[in-house]
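Residue-level structural notes
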Amino acid sequence: MRPQTSLSLLSTLLLLPIFSLADFTGTAEADGVKFDFKELKQRSAVVVVKEEPSETKKTYTINPNGEIEWEKDVDKANRCADGTQVCLVEWPWHDGKADPAPLHIIPIANAKSSKDSEPEYAILRDSDKKVLGLNVTLHGGEYAYGEEKFKQSAVVEFLCDEKEDGNGDDALKVVGYDRSTLRLEWKTKHACENALKDTPSGSKGSWGFFTWFIVIVFLAVAAYLIFGSWLNYNKYGARGWDLLPHSDTLRDLPYLIKDFLRRAVNTFQGSGGRGGYSAI
Ligand SMILES: *[C@@H]1O[C@H](CO)[C@@H](O)[C@H](O)[C@H]1NC(C)=O
């Protein structure tokens, strides 16, 4: 069907730019499967490492939609710079009280990626090719432990979990950090293959094919009636009901319907009322 083809072509063209951006802003495509994580909110996972009498609170913060939005009351000196997408702040505590300043502030990934540090996507499938999720690797950070500089990256393993919207308390987990690669695990239904198909099209601002079809038919009928009436008015000097195109047929419509119903009832009752067929 022609209109359907051109509509899907149009929507493909509209979707393309969203999925070909270099920065990770919540959408991704891998192996022909599209993912949309835009409903996931920025979050922090805290890992506490105890070494009596002190302890260290390691706060990993990630915003899947772009750069981290810091609370107003967080001192700029105690957090990653603006433009960071994944940040680790290691803050020592002594005797139940936070030290005056963090020990390490580590930018792990930047929201704006340079050409050589674009996000990488790897789809996760089981042996039956079923989609289990998506690995997103974000780069751009660098940090010096002592003399040695370490390039930083974060591998976020988005795992399909139909029962988890992704913003629950247990959704984000820190798997590990080895001074250069942070591994996160994020359980969410948005990592399931059918996630995009399931969202109602209305909420995306695009109309379904059927809605368009109804609108087009309505406009076509309206245009036909208006143009036909105008023609009848000007050419034949018609007035009143006669203005409508095919006004004869329209006027006969109730009788035609009645006749059709009578014939249908006759056929159904099997009375074989063939005599009735001569009506038209
Ligand atoms: C995805 O990330 C996890 C955790 O970092 C890793 O173990 C796994 O090998 C990665 N898989 C692929 C296909 O990249």
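Here is a short report on the structure shown in this document. No experiment lies behind these values; they were computed from the predicted model shown.

1. Let's talk about the environment of D165
Summarising the element assignment, D165 is placed in the loop between β10 (148–160) and β11 (172–177). Along the sequence, D165 and K189 sit 24 residues apart, while their C-alpha atoms lie 5.5 Å from each other. For D165, the residues in contact, after removing those within four places along its chain, are L40, T188, K189 and H190. In terms of polar contacts, D165 uses its side chain to reach the backbone amide nitrogen of N167, at 2.8 Å.

2. Side note on empty space enclosed by the protein
One pass over the structure, following the stated rule, counts one cavity of 30 Å³ or more. The space that makes up the largest cavity amounts to roughly 40 Å³. Taken together, F24, Q85, N110, A111, S113, S117, E118, P119, L138 and H139 make up the lining of the largest cavity. Residue composition of the lining of the largest cavity, grouped by class: four nonpolar, five polar and one charged.

3. Examining helix α4 (residues 247–269)
A rise of 1.5 Å per residue sets the reference length of α4, with its 23 residues, at 33 Å; its end C-alpha atoms lie 34 Å apart and thus fit the reference within 8%. If you look at α4, its biggest bend is around 45°, right at L253, and the proline P254 turns up within four residues after that.

Calculation notes
- Residues numbered from 1 in each chain as written.
- Predicted model: local features only at pLDDT ≥ 70, side-chain atom pairs only at ≥ 80, totals over all residues.
- Heavy atoms only, no water.
- Helix = DSSP H or I, 4+ residues; strand = E, 2+ residues; numbered from the N terminus.
- Contact = heavy atoms within 4.5 Å.
- Polar contact = N/O pair within 3.5 Å; in protein donor to acceptor, adjacent residues only side chain to side chain.
- 1 Å grid on protein atoms, 1.4 Å probe; cavity = no way out; pocket = protein on both sides within 12 Å on 5 of 7 lines; lining within 4 Å.
- Points joined across faces, edges and corners; volume = space filled by probe spheres on them.
- Nonpolar A, V, L, I, M, F, W, Y, C, P; charged D, E, K, R; others polar.
- Expected span 1.5 Å × (residues − 1).
- Bend = angle between axes of the 7 residues up to and from the residue.

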